[in-house]
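# An overview of the molecular structure
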Protein chains: 2
Amino acid sequence: MERIPILKMGKVLLVTIQVDLQDQVALALQDDLSAQIEKTGAHGVLIDISALEIVDSFVGRMLAGISGIASVLDATTVVVGMQPAVAITLVELGLSLEGVRTALNVERGMALLAADDRNQIDD
Amino acid sequence: MERIPILKMGKVLLVTIQVDLQDQVALALQDDLSAQIEKTGAHGVLIDISALEIVDSFVGRMLAGISGIASVLDATTVVVGMQPAVAITLVELGLSLEGVRTALNVERGMALLAADDRNQIDD
């Protein structure tokens, strides 16, 4: 079974989704990500979906699920790189990515996570 | 045709290879990467191959090709995340990744590229 690699960069885990997410792959990704968050103590998860041309309700639920799990483990999830056409379709279909934060690209997502970290330290 | 996404992080481009590299995908990646290096002025290219269970002579040539092209465009390529079993097989087969630099993981690859940049400024 293929697995999606998870790259660690400092306190952030980066996942690039390139294949169509089927049930098994999505479940394995959730498992691997939660294991990696626990192992590395990561504070942020960046999920790049720039290769996805379709984001349907299954993918939406999967992203929301990962975001929820990460949140319980004290990590913030940011979905980055969404194609403009995908954003248009999501809005037209009325699919809001409930509870999922987004950023234009990896750099902005990193900045968002770094700003979050600073705020938490300030609190 | 599927394309492999290229993520920009500062002066580094990051590519995660998750699918078997066929001719067309490999050629498209070379094209996209050289275009991105030109567009972004990136000084480094990180290629993560942690998802690859087999690195044969075709993949080896492809990595060497990308490394050569990037080098002409003044960018250093580092291949990261190679599985131990892949490294063993490469050595057993006598396939040396000629002209390709490697690092254990993305973080070490980033550090290597950063050290390179500093050296160039010192020169």
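Residues numbered from 1 in each chain as written. Chains lettered and ligands numbered in written order. Predicted model: local features only at pLDDT ≥ 70, side-chain atom pairs only at ≥ 80, totals over all residues. Heavy atoms only, no water.

Chain A is annotated in an unreviewed UniProt entry as STAS domain-containing protein from Scleromatobacter humisilvae.

This next bit is on the environment of A:A42. Within the secondary structure layout, A:A42 lies in the loop between α1 (23-40) and β3 (44-48). Aside from chain neighbours lying at most four places away, what touches A:A42 is A:K11, A:L13, A:I37, A:D74 and A:A75. (Helix = DSSP H or I, 4+ residues; strand = E, 2+ residues; numbered from the N terminus. Contact = heavy atoms within 4.5 Å.)

This part is about the pairing of strand β1 (residues 6-9) of chain B. Each regular strand displays side chains that alternate between the two surfaces of the sheet. Both β1(B) and strand β2 (residues 12-16) of chain B contribute to a ladder of 4 bridges, which runs antiparallel. Opposite B:I6, over in β2(B), you have B:V15 as the bridge partner. (Pairing = 2+ DSSP bridges.)

The next subject is the pattern of salt bridges. Tallied over the entire structure, the rule returns 8 salt bridges over all chains. Among the ionic pairs, A:D32 bridges to A:R3, the shortest N-O distance being 2.9 Å. With A:D32 in helix α1 and A:R3 in the segment before β1 (6-9), this pair connects stretches of sequence that are 29 residues apart. According to the relative accessible area criterion, A:R3 is partly exposed, its value standing at 44%. A salt bridge links B:K8 to A:E107; the nearest nitrogen and oxygen atoms lie 3.1 Å apart. Of this pair, B:K8 sits in strand β1 while A:E107 is found in helix α4 (residues 106-122), placing the two residues in two different chains. (Salt bridge = Lys/Arg side-chain N within 4 Å of Asp/Glu carboxyl O. Buried < 20%, exposed > 50% of the residue type's maximum accessible area, 1.4 Å probe, protein only.)

Cross-referencing UniProt, the feature "domain: STAS" (unreviewed entry) maps to residues 2-113 of chain A in the present numbering. Spanning residues 2-113 of chain A, this segment combines 46% helix with 20% strand, and its end C-alpha atoms are found 29 Å apart. (UniProt positions renumbered as here; feature names shortened; annotations may be inferred.)

Residue and element names in this part refer to chain A. Axis separation between α1 and helix α2 (residues 57-72) bottoms out at 10 Å; the angle between their running directions is 15°. Taken together, the axis directions place α1 and α2 in an arrangement best described as roughly parallel. For the element pair α1 and α2, the recorded crossing hand is right-handed. Residues D23, A26, L29, Q30, L33, S34 and I37 of α1 form the contact with α2, whose own contacting residues are F58, M62, G65, I66, I69 and A70. Of the residues belonging to the contact of α1 with α2, the class tally is 9 nonpolar, 3 polar and 1 charged. (Axes fitted to C-alpha atoms, helices over the stretch in contact; angles between N-to-C directions. Parallel < 35°, antiparallel > 145°, perpendicular 65-115°, else oblique. Left-handed = near helix turned anticlockwise from the far one by under 90°. Nonpolar A, V, L, I, M, F, W, Y, C, P; charged D, E, K, R; others polar.)

Right, let's get into the relation of the copies chain A and chain B. When chain A is fitted onto chain B, the two copies agree to an RMSD of 0.0 Å after a turn of 180° and an axial shift of 0.0 Å. The symmetry that links the two subunits is that of a two-fold axis. Most of the interface of chain A is mirrored in chain B, where 100% of its interface residues are also at the interface. (Least-squares fit on C-alpha atoms with pLDDT ≥ 70 in both.)

Another aspect to go through is the side chain of A:Q30. Along the chain, the position of A:Q30 falls in helix α1. Those residues within four positions of A:Q30 in sequence are excluded, and the remaining contacts are A:M62, A:G65, A:I66 and A:I69.

Residues and elements named next belong to chain B. Ordered in space as β1-β2-β3-β4-β5, the 5 strands form an open sheet in which the pairing is mixed. Where the open sheet ends on each side, the last strands, each with one partner, are β1 and β5 (101-103). The sheet shows a mean angle of 30° between the axes of neighbouring strands, direction not considered. Each of β1, β2 and β3 (44-48) touches helix α1 (residues 23-40); the most contacted strand, β2, lies at about 160° to it. Against the sheet, helix α2 (residues 57-72) makes contact with β3 and β4 (76-80), and its axis sits at roughly 150° relative to β4, the strand it touches most.

Residues and elements named next belong to chain B. Taking 1.5 Å per residue, 16 residues should reach 22 Å; α2 reaches 22 Å between its end C-alpha atoms and fits that length. Among the residues of α2, those classed as buried are V59, G60, M62, L63, I66, S67 and A70. The buried residues of α2 occupy one face: seen down the axis, they fall within an arc of 165°. What points out from α2, more than 90 degrees from its buried face, is the exposed set R61 and V72. (Expected span 1.5 Å × (residues − 1). Arc of directions from axis to C-beta.)

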